[in-house]
Amino acid sequence: MSPIHPEVISLSGKLTQVARLWTPHRIARFDGHQMLLARVQGEFVWHDHKGHDEVFLPLSGALFIDLEDSITGSVTEVRVGPGEVLVVPAGTRHRPRTVGGEEVALLLIDPLDVQHTGDVRDDLTVDDYPEI
């Protein structure tokens, strides 16, 4: 058996390689999951992920996530700042966004087979995440 040499990943270094907004880049794979880095600004598309939760961890800036109640249709706004984590439950329709033109650096944790915008197709949909 060969020795294990795990890689230490520099999030700030990897972020310099993320040029396009709303395009997550895969930085690691583990146990059927992936860690993705993204830079976001403005509004994303309303969508959900029927089969899994989604984890949002802002590294810089404030991310706002609108969550839609599946029964009443009412929308709740949640602010997630650097060092905070939000888990959006499976099947919850949501829309990440930023305010005031702020750009947010974001770490996401998802299953490897996640569809970027769930069943919704949009100009922002990414089918294959670039690996960096």
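Placed above this text is the structure.
Because the structure is a prediction, the values reported are computed rather than measured. (Residues numbered from 1 in each chain as written. Predicted model: local features only at pLDDT ≥ 70, side-chain atom pairs only at ≥ 80, totals over all residues. Heavy atoms only, no water.)

*Asks:* Any chance you could explain the nonpolar core here in plain terms?
*Replies:* Formed by 19 residues in total, the largest nonpolar core has its most connected members in Val40, Phe56, Leu63, Ile65, Val88 and Leu106. Taken together, the elements giving at least two residues each to this core come down to strand S2 (33-40), strand S4 (63-68), strand S6 (86-88) and strand S8 (104-111). Excluding anything up to four places from it in sequence, phenylalanine 56 contacts Leu63, Ile65, Val80, Glu84, Val85, Leu86, Val88, His94, Pro96, Leu106, Leu107 and Leu108. Formed by seven residues, the second largest nonpolar core is a distinct cluster that contains Ile27, Ala28, Ala105 and Leu107. (Core = buried A, V, L, I, M, F, W, Y, C linked by side-chain atoms within 4.5 Å. Buried < 20%, exposed > 50% of the residue type's maximum accessible area, 1.4 Å probe, protein only. Helix = DSSP H or I, 4+ residues; strand = E, 2+ residues; numbered from the N terminus. Contact = heavy atoms within 4.5 Å.)

*Asks:* Please clarify how the sheet that holds strand S5 (residues 75-80) should be interpreted in this entry.
*Replies:* Read from one edge of the open sheet, three strands run S5-S4-S7, paired in antiparallel fashion. Bordering the open sheet on either side are S5 and strand S7 (94-97), each of which pairs with just one other strand. Within the sheet, the average angular offset between the axes of one strand and its neighbour, ignoring direction, is 20°. Across six bridges, the pairing between S4 and S5 is antiparallel. (Pairing = 2+ DSSP bridges. Axes fitted to C-alpha atoms, helices over the stretch in contact; angles between N-to-C directions.)

*Asks:* Would you explain the pattern of salt bridges in this entry?
*Replies:* Pairing between side chains of opposite charge can happen when the charged atoms of each approach one another. Applying the stated rule across the entire model yields nine salt bridges. Between aspartate 48 and lysine 50 there is a salt bridge; the shortest N-O distance is 3.1 Å. By relative accessible area, lysine 50 is classed as exposed at 59%. Between glutamate 77 and arginine 97 there is a salt bridge, with its nearest N and O atoms 2.4 Å apart. With glutamate 77 in strand S5 and arginine 97 in strand S7, this pair connects stretches of sequence that are 20 residues apart. Taking relative accessible area as the criterion, arginine 97 reaches 11% and is therefore assigned buried. Look at the salt bridges and you will find they share partners, linking Glu43, Asp66, Glu77, Arg95 and Arg97 into a network. (Salt bridge = Lys/Arg side-chain N within 4 Å of Asp/Glu carboxyl O.)

*Asks:* What is the right way to read unusual backbone geometry from this model?
*Replies:* Working note: non-glycine residues mostly have negative phi, and peptide bonds are mostly trans. In this structure, tryptophan 22 is a non-glycine residue whose phi angle is positive, near 65°. One can find tryptophan 22 in the loop between helix H1 (11-15) and strand S1 (25-30). Here tryptophan 22 falls in the buried class, since its relative accessible area comes to 8%. Residues other than glycine seldom take positive phi values, yet aspartate 31 does so here, at roughly 45°. Secondary-structure assignment places aspartate 31 in the loop between S1 and S2.

*Asks:* Even after reading the chapter, I still don't get the sheet that holds strand S3 (residues 54-60), so can you show me in this structure?
*Replies:* Backbone hydrogen bonds are what pair the strands of a sheet, in a parallel or an antiparallel way. Taken together, the five strands give an open sheet; going across it, the order is S1-S2-S8-S3-S6, and neighbouring strands pair in antiparallel fashion. Strands at the two margins of the open sheet, each flanked by one partner only, are S1 and S6. Averaged over all pairs of adjacent strands, the angle between strand axes in this sheet comes to 25°, irrespective of strand direction. For S1 and S2, the ladder comprises five bridges, and the chain directions are antiparallel. Across the sheet, the residue bridging to phenylalanine 30 is histidine 33, located in S2.

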